Amino acid sequence: MLIAANWKMNLDKQSISEFSKFLKNFKFSKKVKACIFPPMTYIDYLNNIIQNIPISVGAQNCHFKFSGAYTGEVSPIFLRDIGCEYVIIGHSERRILNGEDNNEVKLRAQSAIDANLKVILCVGESLIDREKGNAFNFIEKQLHESLPNGFEDSLIAYEPMWSIGTGKIPSISEIEKMHEHIKKIAFDVSDKKINTLYGGSVNIKNIHNILKIKNVDGVLVGGASLKVKDFLAIYTAAVKHLNNSSKVQEIT
Ligand code: PEP
């Protein structure tokens, strides 16, 4: 089980320092892994101040080349170098605002894997596709066009675009069916069981129901992860859920 906190372009150094103070006395469980994705400039800072806390750090994107004339970009090698374990690739905000298409997402994901980072590959349909009944085909195309080689240790985050930051989430059965669909496609491509996260308006109220959904191996949380109390409440819900269920911890 993985609880991933995508801070996007939020929280400055002072806020991160305050946030981290609350982590120091918190008892983390071996069963549930947590990873925080701060802004690039603070990854190293956060990683240093949480040295003795069992939380991983990750980046919100990386470039598809290891080095070269790419002004403003960040190499996956550099991320690895400063202690990142994960990198989010293909988040819908990057697809929409930065024009990253499936081809580019695949290149970035491949580069991250080649640099020994674990990828959280984001996929998700628009509201129009969902309403047209096209969501399953849309996700299938996204996966076929963007899954890199050697994806086995990585994860896929199902993040419907219409759910991100809106407070709206798909029904339990829609999430369950889509995760099943994603796992099947990923298995067909890689011959391995791939872990999937749900992302989109996860909060302290809906987390309990989301974790009960079959095939959900964790969550990618945006807005609610910015408040340390909510982040820890979501984490605690995951620990309680695992203690009460037979779901096996598979994310190492
Ligand atoms: C996200 O952007 O990855 C996300 C899940 O955001 P939110 O939780 O705010 O919907």
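From a predicted model like this one, the values you see are computed outputs, not experimental measurements.

With that settled, the discussion passes to the overall build of the chain. Each helix and strand counted, the chain has ten helices and eight strands in total. Here the chain has a C-alpha radius of gyration of 17 Å; the compact-globule value for 252 residues is 18 Å, and the two agree. On the principal axes, the C-alpha backbone points of the chain span a range of 50 × 45 × 30 Å. Here the contacts in the chain between residues at least 6 apart in sequence split such that 74% fall between residues at least 24 apart. Just so you have it, the chain exposes about 12000 Å², and 52% of that area is on carbon and sulfur atoms. Put simply, the chain has 31 plus and 27 minus side-chain charges, and the middle of one group is 7 Å from the middle of the other.

The next subject is the site of the ligand. For the ligand, the set of nearby residues contains 14 residues, the closest of which are K8, H91, E159, G165 and S201. Between the ligand and the protein, one listed contact pairs an oxygen atom with a side-chain N or O atom of K8 at 2.5 Å. At 2.8 Å from an oxygen atom of the ligand is found a side-chain nitrogen or oxygen belonging to E159. Out of a free accessible area of 290 Å², the ligand has 95% covered by protein chains. Considering only residue class, the shell around the ligand consists of three nonpolar, nine polar and two charged.

Right, let's get into the nonpolar core. Counting 63 residues, the largest nonpolar core has L23 and F231 as the members making the most contacts within it. Examining the composition of this core, we find that nine residues originate from one element, helix α10 (residues 228-244), more than from any other. In this structure F231 touches I3, A5, F19, L23, A34, I36, I55, A224 and S225, once residues within four positions along its chain are discounted. Counting twelve residues, the second largest nonpolar core, distinct from the first, contains L2, C35, F37 and Y86.

Attention now goes to the pairing of strand β6 (residues 155-158). Because side chains alternate across β6, one face comprises the buried residues L155 and A157, and the other comprises I156 and Y158, equally buried. In this sheet, strand β7 (residues 195-199) lies alongside β6 in parallel orientation, the contact comprising four bridges. When the sheet's bridge partners are listed, A157 is paired in β7 with L197. With helix α8 (residues 172-190) bridging β6 and its parallel neighbour β7, the resulting β-α-β unit is right-handed.

Applying the stated criterion across every chain yields a total of zero disulfides. Counting only cysteine sulfurs, C84 is the nearest neighbor of C35, a cysteine outside any disulfide, at a range of 7.7 Å. Residue C35 is classed as buried on the basis of its relative accessible area of 0%. Between C122, a cysteine without a disulfide, and C35, which holds the nearest cysteine sulfur, the sulfur-to-sulfur distance is 12 Å.

Let us now look at the side chain of E125. Relative to the helices and strands, E125 is located in the loop between β5 (118-123) and α6 (127-131). There is a polar contact of 2.9 Å between the side chain of E125 and the side chain of R130. Within polar-contact distance, the side chain of E125 engages the side chain of Y158 at 2.9 Å. E125 has contacts with R130, A135, F138, I139, Y158, P160, M161, W162 and M178, leaving out every residue within four places of it along the chain.

What follows concerns the pattern of salt bridges. Under the counting rule described, the total for this entry stands at 13 salt bridges. For E104, the salt bridge is made with R108, and the minimal N-O distance between the two is 2.7 Å. Taken as a pair, E104 and R108 lie in helix α5 (residues 102-114) at a separation of four residues, close to a single helical turn. The exposure class assigned to R108 is buried, which follows from its relative accessible area of 2%. Salt-bridge contacts for K141 lead to E145; the nearest nitrogen and oxygen are separated by 2.6 Å. One end of the pair, K141, and the other, E145, are both in helix α7 (residues 135-146), four residues apart, so they sit about a helical turn from each other. Using a relative accessible area of 36% as the deciding quantity, one classes E145 as partly exposed. Each of the salt bridges in this network shares a partner with another, and the network as a whole consists of E73, R94, E100, E104 and R108.

The rules behind the values
- Residues numbered from 1 in each chain as written.
- Predicted model: local features only at pLDDT ≥ 70, side-chain atom pairs only at ≥ 80, totals over all residues.
- Heavy atoms only, no water.
- Helix = DSSP H or I, 4+ residues; strand = E, 2+ residues; numbered from the N terminus.
- Rg over C-alpha atoms; globule rule 2.2 N^0.38 Å.
- Contact = heavy atoms within 4.5 Å.
- Areas by Shrake-Rupley, 256 points an atom, 1.4 Å probe, with all protein chains shown as cover.
- Lys, Arg positive; Asp, Glu negative; His and termini not counted.
- Charge placed at Lys NZ, Arg CZ, Asp CG, Glu CD.
- Near = heavy atom within 4 Å.
- Polar contact = N/O pair within 3.5 Å; in protein donor to acceptor, adjacent residues only side chain to side chain.
- Nonpolar A, V, L, I, M, F, W, Y, C, P; charged D, E, K, R; others polar.
- Core = buried A, V, L, I, M, F, W, Y, C linked by side-chain atoms within 4.5 Å.
- Buried < 20%, exposed > 50% of the residue type's maximum accessible area, 1.4 Å probe, protein only.
- Pairing = 2+ DSSP bridges.
- Right-handed = clockwise from strand over helix to strand, strands pointing away.
- Disulfide = S-S within 2.5 Å.
- Salt bridge = Lys/Arg side-chain N within 4 Å of Asp/Glu carboxyl O.

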